[in-house]
Amino acid sequence: MAGGTGSRFWPVASSERPKQFIDIMGTGESMLQATFSRMERICPRENIIIVTSRDHCDTVREQISGLADYQVLGEPIRRGTAPCIAFAASVISRRCPDANIIVTPSDHAVFGLDRYVGDINQAIGIAEQNDWIITVGVQPTNPNTKYGYIQYSENPSLPTAKNLHQVVTFTEKPPIEMARKFIASGEFMWNAGILVWRLDILKEAFRQFLPNVSDLFFGSDGEPGLYAETVPDVVERAYSLCESISTDFGILEKAANVHVMEASFGWSDVETWDSLHETCDKDVSGNVVVGGNVFTYDVHNTVIHMPDDEHTVVVEGLDGYIVAADKQTLMICRRDHEEQIVKFRSDVAFDRIKSKKE
């Protein structure tokens, strides 16, 4: 899934250049490229399908060469994760009716690739043998209010899989006091947004809980749906008629056959500048510096993200800040005030529109 906007990473990310297409962590590859490389360790590259905005299909092909037409699917409008998954599954249905499907966001960070591959392969093996939806959970390290939480039963789902448990409840982005109680109980994991299921189980879940989406993408009562063909007009019609809904809310919170696998790998959704600071390696002063030619003096606990160009950046005397720039804009903001970024972005956009009109 590569349709997100990454708006919290303004000014580095924007609607024209979302987070998944940026080397946000300074690894030398975009988050999409890193995700694609991970999946190539699990299945052949021709089995990987990327769903993105129709406006970003060319960007996907620029970043990952040699993809066939069916591997890059462009959504005409955003409708949430459920239609996104159904779109890809409708294409998979034609190519491999007995497929096992892994759904993963394209803009999350994973640490410990061998453990990741082992966990996902274990989940595939379990999904092949059981009529279950498997989601991946991460043991929480702090009461993060930006993540979803999964409550799970105490007993393992299988004697041979001690890391797999029946899901009890899903809670999306709880308030801080509730998150603290979740952590203290020892009964919750963070929701990593990764799903593993057989195609037939996927289609049955959509038919049962999201019949509107199921009919449009998989067909019913003699109507072929998107399963028949993915020409632009048919895709446009399906997206114009289907509801906008997430898979978590539309299916996972209602289904009784959802099990959570505890990840043995490291994970972060890298959703905000502050989470980037928590995720990335830091220097001795607690700073994360990505890109540019940067000199720091008496700077602590700060994120500095600069474009890779010929500019030299000198920063002095900051503690707990975000310093980020693209080709047009430099932002300096306290890390604990990053909720203001939405306002900053809006004000700058309005000013630029106003200037053009004048």
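Owing to the predicted nature of the structure, the values given are computational and were not obtained by experimental measurement.

The rules behind these values
- Residues numbered from 1 in each chain as written.
- Predicted model: local features only at pLDDT ≥ 70, side-chain atom pairs only at ≥ 80, totals over all residues.
- Heavy atoms only, no water.
- Buried < 20%, exposed > 50% of the residue type's maximum accessible area, 1.4 Å probe, protein only.
- Helix = DSSP H or I, 4+ residues; strand = E, 2+ residues; numbered from the N terminus.
- Contact = heavy atoms within 4.5 Å.
- pLDDT = per-residue confidence, 0-100.
- Salt bridge = Lys/Arg side-chain N within 4 Å of Asp/Glu carboxyl O.
- Phe/Tyr/Trp six-rings, centres within 6.5 Å; stacked < 30°, edge-to-face > 60°.
- Pairing = 2+ DSSP bridges.

**Q** Would you mind showing me how to read helix α1 (residues 31–40) here?
**A** Each full turn of the α-helix corresponds to 3.6 residues, which orients residues three or four apart in the same direction. Most of α1 sits out of view: seven of its 10 residues are buried. Looking at α1, one finds that the buried residues are Met31, Leu32, Ala34, Thr35, Phe36, Arg38 and Met39. On its buried face, α1 sits against β1 (50–53), α2 (57–63), β3 (100–103), β4 (109–111) and α4 (113–129).

**Q** So what exactly am I meant to see when it comes to the confidence of the model for the protein chain here?
**A** When pLDDT drops low, the exact placement of atoms in the prediction is not to be read closely. Of all residues in the protein chain, 96% attain a pLDDT of 70 or more, and the chain-wide mean is 91. Confidence, expressed as mean pLDDT per element, reaches its minimum in the protein chain at helix α11 (residues 341–357) with 80 and its maximum at β3 with 98.

**Q** Just to check I follow, could you spell out the pattern of salt bridges for this structure?
**A** A side chain of one charge can pair with a side chain of the opposite charge if their charged atoms are brought near each other. Applying the stated criterion across every chain, the model contains 14 salt bridges. A salt bridge links Lys173 to Glu271, with the nearest nitrogen and oxygen atoms 3.6 Å apart. Of this pair, Lys173 sits in the loop between β7 (161–172) and α5 (176–185) while Glu271 is found in the loop between β10 (266–268) and α10 (273–279), placing the two residues 98 residues apart along the sequence. Take Lys173: its relative accessible area is 38%, and that puts it in the partly exposed class. A residue is classified by how much of its surface remains accessible, and Glu271, at 16% relative accessible area, is buried. A salt bridge links Arg334 to Asp336; the shortest N-O distance between them is 3.0 Å. The exposure class assigned to Asp336 is partly exposed, which follows from its relative accessible area of 48%. Each of Arg8, Lys173 and Glu271 takes part in a single network of salt bridges with overlapping partners.

**Q** Looking at this structure, how should I read the packing of aromatic side chains?
**A** Two aromatic rings, taken as a pair, are described by how far apart their centres are and by the angle between their planes. The tally for this structure, following the rule as stated, stands at 11 aromatic pairs. Centroid distance Trp190 to Trp267: 6.5 Å. Interplanar angle 50 degrees. Geometry classified as tilted. Remark: Trp267 occurs in strand β10 and Trp190 occurs in strand β8 (residues 188–198); sequence separation between them is 77 residues. Trp190 sits in the buried class, given a relative accessible area of 5%.

**Q** Even after reading the chapter, I still don't get the pairing of β7, so can you show me in this structure?
**A** Here is the key point about a regular strand: its side chains alternate between the two faces of the sheet. Relative to β7, strand β6 (residues 148–158) runs antiparallel, the two being bridged by seven bridges. Residue pairing for β7: Pro156 is matched across the bridge by His165. The antiparallel hairpin formed by β6 and β7 contains two residues in its connecting segment. When β7 meets strand β9 (residues 258–262), the two strands line up antiparallel, connected through three bridges. From the neighbouring strand, Gln166 faces β9, where its bridge partner is His259.

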